[in-house]
Structure formats: structure tokens, C-alpha cells
Amino acid sequence: MANIEQILTDLTEPQIEAVTHIDGPLLVLAGAGSGKTRVITRRIAYMVAQGLPPWNIVAVTFTNKAAAEMKTRTMALLADMPGRPGERVLVSTFHSLCVRILRQYGQAAGLPPGFGILDSADQTKLFKQVLAKVGLSPENFNPNAVQGQISRAKNNLQGPAQVTAKAVSFFDKGMARAYVCYEEMLKAAGMVDFDDLLVKTAILLRDNAEARGQLQERYGYILIDEYQDTNKAQFVIAHMLAMNHKNICATGDPDQSIYGWRGADIQNILEFEEFFPGAKVVRLEQNYRSTKIILKAASALIENNRGRKKKDLWTENESGEKITVVHARDQHHEAQEVVQMLQAARRESGLTWDKMAIFYRTNALSRVVEDALMTAGVPYQIVRGTEFYGRKEVKDVLAYLKVIANPRDAVSFERIINVPPRGIGESTVTRLSAFAAQHGITLLEACARAREVPELSMKVADTCRKLAGQFDSWRKDTSNREAPASAADHDSTAASSDLAPNADPLFDPALAQFAQGQLNPDDTEEYEYEAGEPEPPGAAAQADHADAVDDQPPTTDSPHAASESMSIRDLMEKVVNEAGFRQKRKTSPDDEEINANVDELINVATEFDIRNPGGSLQEYLEQVALVSDVDRLKEGSGAVTLMTLHAAKGLEFPLVVMIGLEDGLLPHQRAFSGPDSRRDMEEERRLAFVGITRAMRKLILTCVESRMVRGQIERQKPSLFLGELPPECLQTRDLAFHAVSAGSWGDSNGGPRIHAPASQSEPASNGSSPHRTGYRRGLLVRHAKFGLGRIEEVLSAGPSQRVRVNFQSCGLKTMVTAMANLEPLDR
DNA sequence: TGGAATTGGCTTTTT
DNA sequence: GCCAATTCCA
């Protein structure tokens, strides 16, 4: 067996305890920076080395990025074991795991095969329709509030019936009707929303003994990371899976619970021992990340929360520098100061840009900082996914694909029925919808039968029929690859009543191929976590574990391996061309950008095809739906990283800047005025704690005297959290016009107060070209797919910067730099 | 019917 | 200040 000594090397006593406790419940209370990921990966490696079947182990994380990292590190630990067992451990996000389960047990969960996943923008859109349909005026019923309420109800496993029964007030009754209608519309469209992924899985596991039994065996050893952020549905899933074997390892830190607002229940971790009597509890309190001063400040801050389990973080690291607190005049001044401090750090400490990060409470705060970085020519990457996938044209193209994959998806179909414009107006859609409802058919089918629809002119009817015909033909293009998937869906019913090993659709041929793609050593990086458990054909024969259970991979070659089917890329290209996206585009800058984004989407699809040979359209859409902002973060990018405090969880940087430390921002206004302000305030404090503990060596906190908020200049007070930091840890630079009011943070601290006007010590060093980023004309770059190329032209600046690159392999291409992952090769 | 212009709402945080 | 949605105009 593998080298167990090696796996346990360099671990502390408590870490070893956590790693070697395999059977029975285990709670690891892991303080910030205490080597939690290390413990989890070593633990998985240890289990495998002990002879546990890797395919019975599932590790659940919060983000794809965390999953990918965990997978990579686990595989590295097990690299010398025969048969690459590390690849067969499933490391997945909660949501991906649920998709897996629901694809397998869709029928039992009441879902149609090929159900689609509604993204949040579509969800909002659908909600508007719901409110209109139910006759609730948006004045009285704030769509966001209703949506939030329903989401909360869902995550508490309250169905429409329960909510309706409980509704007393006018508002509650309205909400209940909206809930009922919303669910009906989702069902009609064959869609689920993000919440449903968790909720439907939880209910399936709770109510379906057969499915539960199979999945309990399938996932015999469960690890759940960030347990403090689990909500009720996730809690139920974990418990239902673990209730028999009890082999559950939860890791987390109550002090880093920051998702209460979306239903996460901190009690889940606080009461773990009550739910799992006899659970072993291991505390990891030694911090390996931060300096003593940073850790002291973080501890002092979090002490102000009541009702928390006391925890003493300590470190053997050096004391380090004091924390710099900057009080600036306004947001522009703040941004400018931040940029100068980053430049100074690079100059004086030799830190590269990618060792630095800037955190903020709300996304809106990033813009000014972005501008300042751009003007100074400092490369940066911003972690915000909507940037690309939220674009209209991107969503439009994806909507076409969604309809192809799921013809019942009315949300997507309505989105693109007249995009590009083809003369199908609102009234036409209304008539088609009515006709569809009347005959119990989909909107798409109604289009095909448009001639039967009264009041439609021949011309319009023919346009509709033509569109429906196009969808038919596109659908045929995918049928080769979709067929096996739906066949597998039917098999799942068989699997429910039969433990035949090969009936597990999780190992359907498409997935097996999917996995093979992962096994290519050249294909590393972000998609590895999807590889999970499917096995290359034939390898299962080597499985010699006595306790191997029902889900060994199939031993036969995929029957569909040779079938010709169109790649996602080709399909997308075809749709884009035939739907007329490329038609009347002039060369206005807007159109050019739209074209570039569509091109980029196709490029990204190409990468999917390479990584997932034989991957189905459904899988592609799933992957797109479940990418999160943080997933796009790249390390070693040579750029400063900008992100929200929420996105920062789990990461670390040598230099961290937190901006906007002001009452009303951090803590957020809601924590002062909301209905549950005490709880909210504590969560805000944890959020600040998370931010501070990301810093390894240097921490800078900034606030301003006045700030433009929603177009209004507001006077700001320094955050009350600043006053909770020990003064001796701080070094304050007050650059504001006016002294800070008495009693707040500025006065009591011992640090020198430097009154200085905006420092001119570092004039923008590259005055001639203000919008310079890392990419410039003539730069030699490498692209994962297209290889070497030279930048011919930089077309625009900013977050959606595009460049035209001349590739050796395929000539000119326009790409969005934020997406394309171009590697600069000069110098 | 499509495009331009004005208005109004909005901002937490995210899978 | 920005974005989306509605309204207005051709």
C-alpha cells in the first residue's frame, strides 16, 4: 500500500488525529489558516492508502475552484499508487453532486430527463411573469423580496402547499400564490432553479428509501467542507447520506460563517455533536498563514461576537508589520492611495502583482479602484462571473442551446424567439402561448403549428414554422450524443429496483468518455473536478477491494464511442450562423464587441470539447450554469486580484487591501436597520474577520471621509470594526481634510498620524499611455487551444478588453482577454 | 415595428 | 452613476 508515513509527514498532533480518524463522525473545527485543506487532502489520501475504495469517497466543497484544488492535491499525494486511485475520488460542489444525483434519479425525484438549470437572471425574469400572472402589483410586492422569501422557504424544505397552509396575512397569501405559480411554471418549462438542485435531492433522499439506500452505499465516506455555510437542505442531504454508516467528516469554522442571508444555518456546525453523538472533535488552532499582529487583530475583532465557541488562534510566524489604516478624502483618493501602496510594495518588498488582493463589501465599490489601476497601468483581474456570461449576446446564444437541449424551456425560447429580430412580436407570442396552453403543447411546437393559430398572418406563421424547423434540424445534430443520455435516464428506473452494477447511469458512456478526456495528462486545470469517479473502460477489473459496492464502472467499451456527433463548438457555430447572429452586423464598435463575445463563447466551447470528448450538450450547459465567480480566478496571473469579501473565503494573499471600511458598507447598512440586526451585525463582523485572515504578511485597511453612493455624496464614518482592533496593531495615516470625530478609532491609537495632502511622490509613471494593461501590440502570447500568436491590435481597454491575435495555427482571432487566458511570452 | 431617449430603481453578499 | 425598462417617436 502507499506510504502512510509519507502521508502523515509534517503534520501536527491534532492534524494527525483528524487525518487518521476514518470511521464514525468527525468534526474538524479549523481556524483560519490552520491547514484545513491540507488535512482534508491528506485524510482522503490516507483513506485510500488504507484500502478504502476511492469511488466510495466523496468530498463536497463550496466552489468548483476549491474542488479542483482539492482534487489536484489529493491526486498528487496518491500519484505513486498503482491505478491512479486519486482520480476516482469524487470531489464536487454540493450543486454538482446534486445534479449528478438528480440526473440519475430524475424520475424518482419527479424531474423530466434533460431538465435544465435556471440561472438567476432567468429566475428574476420568470418571477416577473409570475407576479403578473398571479396579479400582484410590483408596487406592493417587491419581486426581489418575494423571490428571497420563496428561496428561503424552499431551502427550509417548505413546499408550496405548506406555505399556502401557513399563510395568514395578505402578503403571505400573495407570496404563497406566487410560489405555487412559480413552481408550476418551472415544471412546465422542465427547469429547476439553484435551490431546487439541493431541495429536490434532499427530498429524494428523505422520502425515497430505495434511492437513499443506494446512495448511502455509493457514498460511504463523506467529507463536507465549509460546513458552517450549509443550509437546511444541505444539512438534510448530508445526514440522509450519512445516517447509517456515520462516516461523515465535517470541516469548518463557525467564525467564518458568512452566508446566513441565504439560509445557511450556523447551528448545523455548532450542534454537530448533538446530531452525531459520539462524534470526535478535533480543533485546529495553530495558524500557518498570518503574522502575529494580523492574527491578534483578527482575534480581537471576532471576540466581540457573542455566543461563539471560544477559540485561541496562535502562530509561530513572525510578528510582522503593523496593519496600515488609511483615512482618505473620497473614493478616488482612496483608490489612488491604494494603487500607490501596491506600487510601493512591489518596489520595496519585491512582491509581484499576483501576490496582492483588494477586497470590498459590494461589487459596486470595485469600479473606482479598477479605473485607478488601469490608469496606473497595473494589471488586475476582477473576480466577477457575470462579466461574460451575463452579456446579452452570450445569453442569447446559450438560450438557443438550452432550447435545443430542452424544448420545453419557455423562458429561453421566449428570450430568443425574436432575437435576432425576425418579426415575431409580443402579440404573436401571446397568441402562440395561448395556443400552446390550449393544446397542451410547448411554445416551440406551437410555432411548428403556427398555421393553425388563429389571427396569425401567413407571413408571421411561416416565420414561426421556419424557426421551429431550424430547431428541429439542430436537435437532430445533437441526437446522436443525446440519445445515450436519455437511454441512461430510463435505466435509472431499473437501477432503482436492481443493484446491477452496470445499470448506474452515472457511468453512462458519455460520462465515461468524459472521464477519459480528463485522463489526458495535458489537460490539467479547472475542469479536473468533474472527472470524479467514472472509470476508463477496462480499469475496473483491477478493483480488488472486497467491499466494493454497486457502482463499479462498466467494463465494456462505450457502444457509442464511434458514433458521429457534432461537437458543442460546431453546433454553436452552426446555430450562430443559421440563426442569423452574424448577418447584418456593421462595424460599429458595439457590434464588433458583440461579435467578439460570441466568438469567445465559441472558443470556450472549443475548450469544453477538448476537455470533454463526447460531452453532451446537457453537460456543457450544466457546467456553464454552475460556474461561479471565484472559479475564474487564476493564480500566478501576474495581476492584482479584486473581489468581494464573500468570494475571498478560502484564499490567501501576502498583501491584502480591504477598502470601504465604513459604517453602512462594512458593516453593511442592513446590519444597522434590519429586522435581525444583531445577527446581521455578527455576520458582518465575521465577514471582516474572513477578510483580515486572508492576509499573510501585510494588511491595509482603508476608509473615506465622503463617498459617492448611488450618485449621491455621503459623509462616511469609519467602520466600528476599526475601533475593535487593538490600537497597538495599527499604524494610521489620516489623509482626510478633517480630523476624525472624537471617540472613534483615530484618536486612541498610538501610531503616528501623518497629515499629508494627496501624495505626489509617485506621479503616474507612464503618463503617455494611460490605458495600458499587460497586453500590447506585438506581444507574443500562447493560448491553450490555438498555440502561439502575436497580438495585432488591442481593440479596447477595461474589463471587456479585446485583442486581435494572429495565431500561427489558425490566423486572426479576436478574443476577450479576460476569458481567453492568454499567456504573455515576451520577457 | 424598431430604435432612441428618458425615467426610475437600485445594491449586499452567490451556487 | 449605472443599468434596464418603459415610453415616445419615426
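The structure contained in this document is the topic of the report that follows. Note that this is a predicted model, so its numbers are computed, not measured. (Residues numbered from 1 in each chain as written. Chains lettered and ligands numbered in written order. Predicted model: local features only at pLDDT ≥ 70, side-chain atom pairs only at ≥ 80, totals over all residues. Heavy atoms only, no water.)

With 50 residues, the main nonpolar core has Leu 401, Phe 413, Leu 432, Phe 471 and Tyr 620 as its most contacted residues. Tallying contributions element by element places helix α19 (residues 392–405) first for this core, with eight residues. Beyond its immediate chain neighbours, meaning those up to four positions away, Phe 471 contacts Tyr 400, Val 403, Ile 404, Phe 413, Ile 416 and Leu 444. (Core = buried A, V, L, I, M, F, W, Y, C linked by side-chain atoms within 4.5 Å. Buried < 20%, exposed > 50% of the residue type's maximum accessible area, 1.4 Å probe, protein only. Helix = DSSP H or I, 4+ residues; strand = E, 2+ residues; numbered from the N terminus. Contact = heavy atoms within 4.5 Å.)

Around DNA strand C sit Lys 128, Met 708, Arg 710 and Gly 711, and those are all the residues in its vicinity. Sugar plus phosphate: this is where 38% of the atoms of DNA strand C within 4 Å of the protein reside. Its residues assigned to classes, the surface near DNA strand C comprises one nonpolar, one polar and two charged. (Near = heavy atom within 4 Å. Nonpolar A, V, L, I, M, F, W, Y, C, P; charged D, E, K, R; others polar.)

Okay, the state of the cysteines next. For the structure shown, the criterion picks out zero disulfides. No disulfide involves Cys 464; its nearest neighbouring cysteine sulfur is the one of Cys 447, lying 4.4 Å away. Of the residues examined, Cys 464 reaches a relative accessible area of 0% and is grouped as buried. (Disulfide = S-S within 2.5 Å.)

Bringing the pairing of strand β17 (residues 706–709) into the picture now. Looking at chain direction, β17 and strand β18 (residues 712–715) are connected through four bridges and run antiparallel. Paired with Ser 706 across the strands is Arg 715, a residue of β18. In textbook terms, the turn of a hairpin is the stretch between consecutive antiparallel strands, and for β17 and β18 this stretch comprises two residues, one of which, Arg 710, has a positive phi near 50°. (Pairing = 2+ DSSP bridges.)

Moving on to the pattern of salt bridges. Throughout the structure, instances matching the rule amount to 45 salt bridges. The salt bridge partner of Lys 395 is Asp 119, with a shortest N-O separation of 3.3 Å. Of this pair, Lys 395 sits in helix α19 while Asp 119 sits in the loop between β4 (116–117) and α6 (120–134), placing them 276 residues apart in sequence. We classify Asp 119 as buried; its relative accessible area is 18%. Of the charged contacts, one joins Asp 122 and Lys 395 as a salt bridge, the two residues approaching to 3.2 Å between their closest N and O atoms. One end of the pair, Asp 122, is in helix α6; the other, Lys 395, is in helix α19, with 273 residues separating them in the sequence. You'll find Asp 122 and Lys 395 in the same group, each marked buried. (Salt bridge = Lys/Arg side-chain N within 4 Å of Asp/Glu carboxyl O.)

Here we take up the environment of Ile 40. Here Ile 40 shows up in helix α3 (residues 36–49). What makes Ile 40 buried here is its relative accessible area of 4%. Leaving out residues up to four positions away in the same chain, Ile 40 has contacts with Met 70, Leu 223, Asp 225 and Thr 251.

Pro 667 follows Leu 666 through a cis peptide bond whose omega is 0°. Position of Pro 667 among the secondary structure elements: in the loop between β15 (653–658) and α29 (670–673). The backbone of Leu 157 sits at a positive phi, close to 65°, despite the residue not being glycine. For Leu 157, a relative accessible area of 10% gives the class buried.

If you roll a probe as big as a water molecule over the atoms, it shows you where there is empty space left. Summed over all chains, the structure comprises eight cavities of 30 Å³ or more. For the second largest cavity, the calculated volume is near 150 Å³. Along its surface, the second largest cavity is lined by 14 residues, and Phe 115, Gly 116, Ile 117, Lys 402 and Leu 621 are the ones closest to its centre. For the lining of the second largest cavity, the secondary structure elements donating two or more residues are β4, α19 and α27 (617–625). Ranked by residues supplied to the lining of the second largest cavity, first place goes to α27 with four residues. A breakdown of the residues in the lining of the second largest cavity according to their chemical character gives six nonpolar, four polar and four charged. (1 Å grid on protein atoms, 1.4 Å probe; cavity = no way out; pocket = protein on both sides within 12 Å on 5 of 7 lines; lining within 4 Å. Points joined across faces, edges and corners; volume = space filled by probe spheres on them.)

Mapping His 327 onto the fold places it in strand β11 (residues 323–328). On the accessibility criterion, His 327 (3% relative accessible area) is buried. Side-chain polar atoms of His 327 contact the side chain of Asp 734, separated by 3.3 Å. (Polar contact = N/O pair within 3.5 Å; in protein donor to acceptor, adjacent residues only side chain to side chain.)

According to the stated counting rule, one finds twelve aromatic pairs in the structure shown. When the centroid spacing of 4.7 Å and the interplanar angle of 65° are considered together, the rings of Phe 235 and Phe 275 count as edge-to-face. In this pair, Phe 235 is assigned in helix α12 (residues 232–242) and Phe 275 in helix α14 (residues 272–275), connecting sequence segments 40 residues apart. A relative accessible area of 13% means that Phe 235 is categorised as buried. The class of Phe 275 is partly exposed, set by a relative accessible area of 37%. On the numbers, 5.7 Å between centres and 45° between planes, the contact of Tyr 259 with Trp 261 is tilted. We classify Tyr 259 as buried; its relative accessible area is 9%. By relative accessible area, which is 52% here, Trp 261 ends up exposed. One aromatic cluster is present, formed by Tyr 400, Phe 413, Phe 471 and Trp 474 through successive ring pairs. (Phe/Tyr/Trp six-rings, centres within 6.5 Å; stacked < 30°, edge-to-face > 60°.)

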